[in-house]
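Topology and contacts: notes
Here's the letter readout for the chains.
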Amino acid sequence: MNFAVDVRSLGKTFGDFVAVDNISFTVSKGDVFGFLGANGAGKSTTIRMLCGLLGSTSGTAIVAGHDINTQPEQVKIRIGYMSQRFSLYEDLTVRENIKFFGSAYGMFGGTLEKRMGWAIEMSNLTGMEARRTSELPGGWKQRLALACAVLHGPEIVFLDEPTSGVDPVSRRSFWNLIQNLSDEGVTVFVTTHYLDEAEYCNLIALIHAGRIIAQGSRRELKARYISDPMFEIECENPLLATETLKQCDAVIE
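Residues numbered from 1 in each chain as written. Predicted model: local features only at pLDDT ≥ 70, side-chain atom pairs only at ≥ 80, totals over all residues. Heavy atoms only, no water.

1. Here's the deal with the overall build of the chain
Within the chain one finds eight helices and 10 strands. In terms of overall dimensions, the chain is globule-like: its C-alpha atoms have a radius of gyration of 20 Å, near the 18 Å expected for 253 residues. Summarising its shape, the C-alpha atoms of the chain cover approximately 70 × 45 × 35 Å along the three principal directions. Burial status across the chain gives 44% buried among its 253 residues. Long-range pairs, those at least 24 residues apart, make up 67% of the contacts in the chain between residues at least 6 apart in sequence. When the accessible area of the chain is evaluated, it comes to approximately 13700 Å², of which 51% is carbon and sulfur surface. (Helix = DSSP H or I, 4+ residues; strand = E, 2+ residues; numbered from the N terminus. Rg over C-alpha atoms; globule rule 2.2 N^0.38 Å. Buried < 20%, exposed > 50% of the residue type's maximum accessible area, 1.4 Å probe, protein only. Contact = heavy atoms within 4.5 Å. Areas by Shrake-Rupley, 256 points an atom, 1.4 Å probe, with all protein chains shown as cover.)

2. Here's the deal with the layout of surface pockets
Roughly 570 Å³ of volume is contained in the largest pocket. Lining the largest pocket are 14 residues, and of these Pro229, Met230, Phe231, Val251 and Glu253 lie nearest its centre. Partitioned by chemical class, the residues of the lining of the largest pocket number nine nonpolar, one polar and four charged. The calculated volume of the second largest pocket comes to roughly 420 Å³. In terms of lining, the second largest pocket is formed by 15 residues, of which the most central are Leu195, Ala198, Leu206, Leu221 and Lys222. At the level of elements, strand S9 (203–208), strand S10 (211–216) and helix H7 (218–225) are the ones that each hand at least two residues to the lining of the second largest pocket. The element that contributes the greatest number of residues to the lining of the second largest pocket is H7, accounting for four residues. Broken down by class, the residue content of the lining of the second largest pocket amounts to 11 nonpolar, no polar and four charged. (1 Å grid on protein atoms, 1.4 Å probe; cavity = no way out; pocket = protein on both sides within 12 Å on 5 of 7 lines; lining within 4 Å. Points joined across faces, edges and corners; volume = space filled by probe spheres on them. Nonpolar A, V, L, I, M, F, W, Y, C, P; charged D, E, K, R; others polar.)

3. Some words on the state of the cysteines
The final tally for this structure, using the stated rule, is zero disulfides. Counting only cysteine sulfurs, cysteine 235 is the nearest neighbor of cysteine 248, a cysteine outside any disulfide, at a range of 14 Å. (Disulfide = S-S within 2.5 Å.)

4. Describing the packing of aromatic side chains
Inspection of every chain in the model, using the stated rule, returns 10 aromatic pairs. Between the aromatic rings of phenylalanine 25 and phenylalanine 33, the centroid separation amounts to 5.0 Å while the plane-to-plane angle is 10°, which identifies the pairing as stacked. Ring geometry for phenylalanine 25 and phenylalanine 35: centres 5.7 Å apart, planes at 40°, overall tilted. In this pair, phenylalanine 25 sits in strand S2 (residues 17–28) while phenylalanine 35 sits in strand S3 (residues 32–36), placing the two residues 10 residues apart along the sequence. Judged on exposure class, the residue phenylalanine 25 and its partner phenylalanine 35 are both buried. Through a chain of ring-to-ring contacts, three or more aromatic side chains come together here, namely Phe25, Phe33, Phe35, Phe158 and Phe189. In this structure, arginine 115 is placed above the aromatic ring of tryptophan 118, and the distance from its NZ or CZ to the ring centre is 4.2 Å. Here arginine 171 stacks its cationic end above the ring of tyrosine 194, 3.9 Å away from the centre of that ring. (Phe/Tyr/Trp six-rings, centres within 6.5 Å; stacked < 30°, edge-to-face > 60°. Lys NZ or Arg CZ within 6 Å of the ring centre and 35° of its normal.)

5. Side note on empty space enclosed by the protein
Going through the model one piece at a time under the given rule, you end up with one cavity of 30 Å³ or more. Each pocket or cavity is described by its volume, and for the largest cavity that value is around 30 Å³. Lining the largest cavity are Glu161, Pro162, Thr163, Ser164, Thr191, Thr192, His193, Tyr194 and Glu197. Partitioned by chemical class, the residues of the lining of the largest cavity number two nonpolar, five polar and two charged.

Written out as C-alpha cells, the structure reads:
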C-alpha cells in the first residue's frame, strides 16, 4: 500500500451539526500533508477520527494499514499525536516528561534511554533536560511535545495546529524539525490555519465548513486559483505603502 492515510467519504455529525461532510483524500508515505482551514472548519474533528479517538458517523479511513473504526487500537500503536492544546505535565522536567511518555509507550531500560537521547537531540533541547516544563518558552514546549509524540518511532505523526500562538522564529524552527522527520521517512499530517506554512507541505487540502474545497500540491493550487499577477514590494515603510496601495484602482488586493 502506497498510502499512509486513505480517507474514504468520511463524515461526522453531532446531532444536527455537520462537523465533517463526506471528505476523501490520500496521503503518501513520507509526505508532509497540510490540512488547512479556519477555526471551526473541521480540522481537529478529522484528525481525532484519524487517530482513532473519535468514531466516524459515515465513511472510514485506513491509517497505517488499519481501519479507524474497526481497528482503532492498532492505529494508535502506529501513530504519534500532538494535540492542539499543550498536554504535557508542567510540574515535571523535560527529561521526566519524555521518560513518562516513553514508559507509557512500553519502553524501558536501555531502549528508553537511547530513544530519550535521540528525542532530546532531535528537538534541540540538549542542556534543558533538568528544566521544569512550566519554565519553558512556548516554542520550546512545542518542541518537547513533538519529542514525546515521536519518541516511540511512529510511522505517522499527527500534529494539530502545533505552531498556534508561537512566535515566527519558533515556528520556522519547528517546521525544520518536521522536515527532518519527513526526511527520515515519517509521514507528517499537520493542521494549520497559517497559509504561509503550506509552503512547507508536499500536498495540501483546504477544508471549509466540513468540506474539502481544494487539494493538490503547492504548484497546482497556485496555478489553478491565482490568475492575477502578484508582486513583492520592498520599502522602508510597509504600513504607509499598504495604505497607499489600497487607494490604487489597479490593485485588486
